[in-house]
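Notes for the structure review
Chain residues, written in single-letter form:
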Amino acid sequence: MVFSFVSIFLLNTITLFANEKAAAANEEGSFNVTQTILEHIKDDHSWHLWGHTSIALPVIFYTPAGLEVFSSAKLIDEHHEPVVYKGKFDYKLVEGKAKIVNAAGEVDEAASKKLWDFSITKNVASLFISVIILLLVVLTAAGAYKKTGISSAPKGVQSILEPIVIFVRDEIALPNIGAKRFAKHMPFLLTIFFIILTNNFLGLIPIFPGGANVSGNIAFTMTLAVCVFIVVNLSSNKNYWQHIFWMPGMHWSMKLFLAPIEFIGVFTKPISLMIRLFANITAGHILVLSLVCLVFIFKTVYAAAVAVPFVIFIFMIELLVAFLQAYIFTMLTAMYIGMASEEAHHDQAHH
Amino acid sequence: MFLEINPLVLPDIGLVFWNTVAFIGLLFVLGKFAWKPMLKAISDREQGIEDSLAKADKMKADLTAMQNENEILLAKAREERATLIKEAKEASEKMIAEAKDKAKSEYERIVADAQVAINQQKNAALTEVKNQVGNLVVEVAEKVLSRELANKADQETYIKQLSEGVKLN
């Protein structure tokens, strides 16, 4: 049932795609797979729905001349080609990035460096949608405890969320942080887990309100990684820093040797979080898009006979990955917090 | 620079900014209004279940202990009843035996007394008979002696008359 739905759905998408791209291919003569895939993975100032239909999103620029807010529809023409918008400066999208151009239409790099783009892009809008979904779902579930009390069994949304919350508590926070301090970090871990999970799932839905690649965007993973870095260092204690700069139970030469490695580790841990999530989700999207692009490479709709089953297969794996990556990110966050706040113990056996 | 070559690994300041705002807002709202009450409710419920289970176990143990106690009490009561019955039986048997003995001795005493009395009375009666017979003999002899015996026929008639007058009681 689900399979047939997905395949019908995908076929529809592909046909739409085919018509649109066939026209493009006729104009340009050839079909650029890399460019097509990158366009779907990258952020955008407007939210493309189908054909020539897209949702215009607010563009917010902070320039030396002040704030500038206008619709993203003004930055593209009816064929989705970038056009110059004349505001306080002349703006134009160059490969998706907003730049300031001079009167001749050439990019003014020096001026562009002073252009801060705070636009509500496709990814930002998708992120907000995920936040709204999370607020609705989680607050509903939390409200159920007040309504039905704690003695009755969980119902509805509550019964979906509760096992996950208990999973995060018992399998992630408790064993890694320890019974003494885990409760303090639970809201942070749960929020991280659910925001990643929601965005991973939203990214898998090919149509609005999904389709944006939020959790596969380096800015998203970087922000979360920075938050983790801050939380880990705020919860660190003397014992943690001692193990980094002057490892107990080692010869002094080894201590000198280990200190820089351990210190770099402080930064590589959150960076690895950032790259792992970004790479996994982006790779999944690229894989699905590549398989779909087989139809355009072979220029026949029959390629879908091969592509669609594979795409479904990859989608199944991506569902697993969506959960897995949320789990791994939260798990490692809990581990780093646990390592940073571990009490000094006097046996040196683990060194 | 590599970061500028590949747009995929170049974070946009806009997304970073909005993401920070969204994440911190979400963390604050959910942390305050959802996660904390939820976790509290879950742990409260778990505590409640644990307590109930512990209570049930304790009650079960109590019940078993009570049952054991009851059994012990019952056994004790049974034993006591048996001893009581036994004692009562013994007491009653003893009482019966005593009563029998007493009755027997009383009977024997009464019989003996009666015999003594009978003998005494018999002896008294015999003595009295003896005395009366003596007196009678003396009276008859007196009358025979006091009368002048004229003829033999008269004598015999008289004796006959006298003997008829004697009534042996």
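Residues numbered from 1 in each chain as written. Chains lettered and ligands numbered in written order. Predicted model: local features only at pLDDT ≥ 70, side-chain atom pairs only at ≥ 80, totals over all residues.

**Here's the deal with the overall build of chain B**
Put simply, the rule is: Starting at the N terminus, helices and strands are each numbered in turn, a helix being any DSSP run of H or I of at least four residues and a strand any DSSP run of E of at least two. Taken over C-alpha atoms, the radius of gyration is set against a globule rule of 2.2 Å times the number of residues to the power 0.38. Any residue whose C-beta has 12 or fewer other C-beta atoms within 10 Å is treated as exposed, any with 20 or more as buried, and any in between as partly exposed, C-beta atoms being built from the backbone.
Looking only at helices and strands, one finds three helices and zero strands in chain B. When the helices and strands of chain B are placed in sequence order, the string is α-α-α. In terms of overall size, chain B is more extended than a compact globule, its C-alpha atoms giving a radius of gyration of 65 Å where 169 residues would be expected to give roughly 15 Å. Counting only C-alpha atoms, chain B reaches 205 × 25 × 20 Å along its principal axes. By the burial criterion, 8% of the 169 residues in chain B qualify as buried.

**Points about the overall build of chain A**
The following threshold applies: Each residue is represented by a C-beta atom placed from its backbone, and any two residues with such atoms within 7 Å are regarded as in contact.
A tally of helices and strands in chain A yields 10 helices and eight strands. Residue pairs in contact within chain A that sit at least 24 positions apart in sequence constitute 61% of those at least 6 positions apart.

**What about unusual backbone geometry?**
In terms of backbone geometry, most residues other than glycine have negative phi values and most peptide bonds are trans. Phi at K299 of chain A is positive, roughly 55 degrees, even though this residue is not glycine. By the element assignment, K299 of chain A lies in the loop between α9 (252–297) and α10 (304–340).

**Let's talk about the interface of chain A and chain B**
In plain terms, the rule: Ten residue types, Ala, Val, Leu, Ile, Met, Phe, Trp, Tyr, Cys and Pro, are classed as nonpolar, four, Asp, Glu, Lys and Arg, as charged, and the remainder, Gly among them, as polar.
The interface of chain A with chain B comprises 42 residues on the first partner and 32 residues on the second. Listing elements by their share of the side of chain A that touches chain B, those giving two or more residues are β8 (116–117), α4 (122–148), α5 (157–177), α6 (182–204) and α7 (218–234) of chain A. For the side of chain A that touches chain B, the leading source of residues is α4 of chain A, giving 12 residues. Among the residues making up the side of chain A that touches chain B, the classes are represented as 28 nonpolar, eight polar and six charged.

**Quick look at the sheet that holds strand β7 (residues 97–101) of chain A**
Residue and element names in this part refer to chain A. Threshold: Two strands form a pair only when DSSP identifies at least two bridges running between them.
A sheet is described by the order of its strands in space; here three strands give the open sequence β5-β6-β7, paired in antiparallel fashion. With partners counted over all chains shown, the strands left at the sheet margins are β5 (85–86) and β7, one partner each. Pairing geometry for β5 and strand β6 (residues 90–94), over two bridges, is antiparallel. Residue pairing in the sheet places K86 in a bridge with D90 of β6.

**A short note on the nonpolar core**
Convention followed: A set of buried residues qualifies as a nonpolar core if it consists of Ala, Val, Leu, Ile, Met, Phe, Trp, Tyr and Cys joined through C-beta atoms within 7 Å.
Counting 63 residues, the largest nonpolar core has L189 and F193 of chain A together with M38 of chain B as its most contacted members. Only α4, α5, α6, α7, α9 and α10 of chain A together with α2 (13–146) of chain B provide two or more residues apiece to this core. With 12 residues, α6 of chain A is the largest single contributor of residues to this core. Non-local contacts of F193 of chain A, meaning those with residues more than four positions away in its chain, are made with V168, A326 and T330 of chain A. V288, L291, A304 and V308 of chain A belong to the second-largest nonpolar core, a separate cluster that totals 10 residues.

**Thoughts on the pairing of strand β3 (residues 58–63) of chain A**
All names here are of chain A. Relative to strand β4 (residues 66–71), β3 runs antiparallel, the two being bridged by six bridges. Bridge pairing in β4 links I60 to V69. The turn linking β3 back onto β4 is made up of two residues. Here two bridges tie β3 to β8, and the two strands are oriented antiparallel to one another. When the sheet's bridge partners are listed, Y62 is paired in β8 with W116.

**A closer look at the domain arrangement of chain A**
For clarity, the threshold we go by: An automatic or database domain assignment supplies the residue ranges for each domain.
If you check the domain split of chain A, you get domain 1 (49–120) and domain 2 (123–340). One C-alpha centre belongs to domain 1 of chain A, the other to domain 2 of chain A; they are set 32 Å apart.

**Re the packing of helix α2 (residues 33–41) of chain A against α9 of chain A**
A pair of packed helices is characterised by two quantities: the angle between their axes and the separation of those axes. All names here are of chain A. Just so we agree on the cut-off: Lines fitted to the C-alpha atoms define the axes, with helices restricted to the stretch that makes contact. Angles between their N-to-C directions range from 0 to 180 degrees. Any angle between 65 and 115 degrees counts as roughly perpendicular, while under 35 counts as roughly parallel, over 145 as roughly antiparallel, and the rest as oblique. Each crossing gets its hand from how the near helix is turned against the far one by less than a right angle, where anticlockwise is left-handed and clockwise is right-handed.
Their axes nearest at 10 Å, the elements α2 and α9 cross at an angle of 135 degrees. By the criterion of interaxial angle, the relationship of α2 to α9 is oblique. Where α2 crosses over α9, the handedness of that crossing is right-handed. Contacts from V33, T36, I37, H40 and I41 of α2 reach α9 at T282, H285, I286, L289, S290, C293 and I297. Class assignment for the residues of the contact of α2 with α9 results in seven nonpolar, five polar and no charged.

**Description of the confidence of the model for chain A**
Residues and elements named next belong to chain A. What counts here: On a range of 0 to 100, pLDDT expresses the predictor's confidence in each residue.
Model confidence for chain A is summarised by a mean pLDDT of 83, while 89% of its residues fall at 70 or above. At the level of individual helices and strands, chain A shows its lowest average pLDDT in helix α1 (residues 2–28), which scores 45, and its highest in α7, which scores 94. Scored below 50 in pLDDT, residues 1–19 shows 18 contacts in the model against residues more than four places distant or in partner chains. Low confidence marks residues 21–28, where pLDDT is under 50. Its contacts with residues over four positions away, or in another chain, come to four contacts.

**Considerations on α9 of chain A**
Turn by turn, an α-helix covers 3.6 residues, leaving residues three or four places apart pointing in a common direction. In plain terms, the rule: Bend angle per residue: angle between axes fitted to the 7 residues ending at that residue and the 7 residues starting there.
For α9 of chain A, the principal kink sits at V266 of chain A and spans about 35 degrees; a proline, P270 of chain A, occurs within the next four residues. One or two residues past the end of α9 of chain A sits K299 of chain A, with phi positive at roughly 55 degrees.

**Some details on the sheet that holds β3 of chain A**
Strands sit in the order β4-β3-β8 (chain A) across an open sheet of three strands; the sheet is antiparallel. Edge positions in the sheet fall to β4 and β8 of chain A, since each has one partner strand and no second.

**Regarding the pairing of strand β1 (residues 46–50) of chain A**
Residues and elements named next belong to chain A. By the bridge criterion, four bridges tie β1 to strand β2 (residues 53–56) in an arrangement that is antiparallel. Following the sheet pairing, S46 is matched in β2 by A56. Where β1 hands over to β2, the hairpin turn is made up of two residues, of which G51 adopts a positive phi near 45 degrees.

**Points about the packing of α7 of chain A against α2 of chain B**
Where α7 of chain A contacts α2 of chain B, the two axes come as close as 9 Å, and the packing angle between them is 50 degrees. Judged by the angle between their axes, α7 of chain A and α2 of chain B are oblique. Helix-helix and strand crossings are classified by hand; for α7 of chain A and α2 of chain B the assignment is right-handed. Taken together, the residues of α2 of chain B that come into contact with α7 of chain A (itself represented by A219, F220, M222, T223, L224 and C227 of chain A) are L15, V16, N19, T20 and F23 of chain B. Tallied by class, the residues present in the contact of α7 of chain A with α2 of chain B amount to eight nonpolar, three polar and no charged.

**Focus on the confidence of the model for chain B**
All names here are of chain B. On average, chain B scores 87 in pLDDT, and the residues at 70 or more come to 93%. Across chain B, the element-wise mean pLDDT spans from 52 in helix α1 (residues 2–5) up to 92 in α2. Our summary of model confidence lists the complex with pTM equal to 0.74 and ipTM equal to 0.83.

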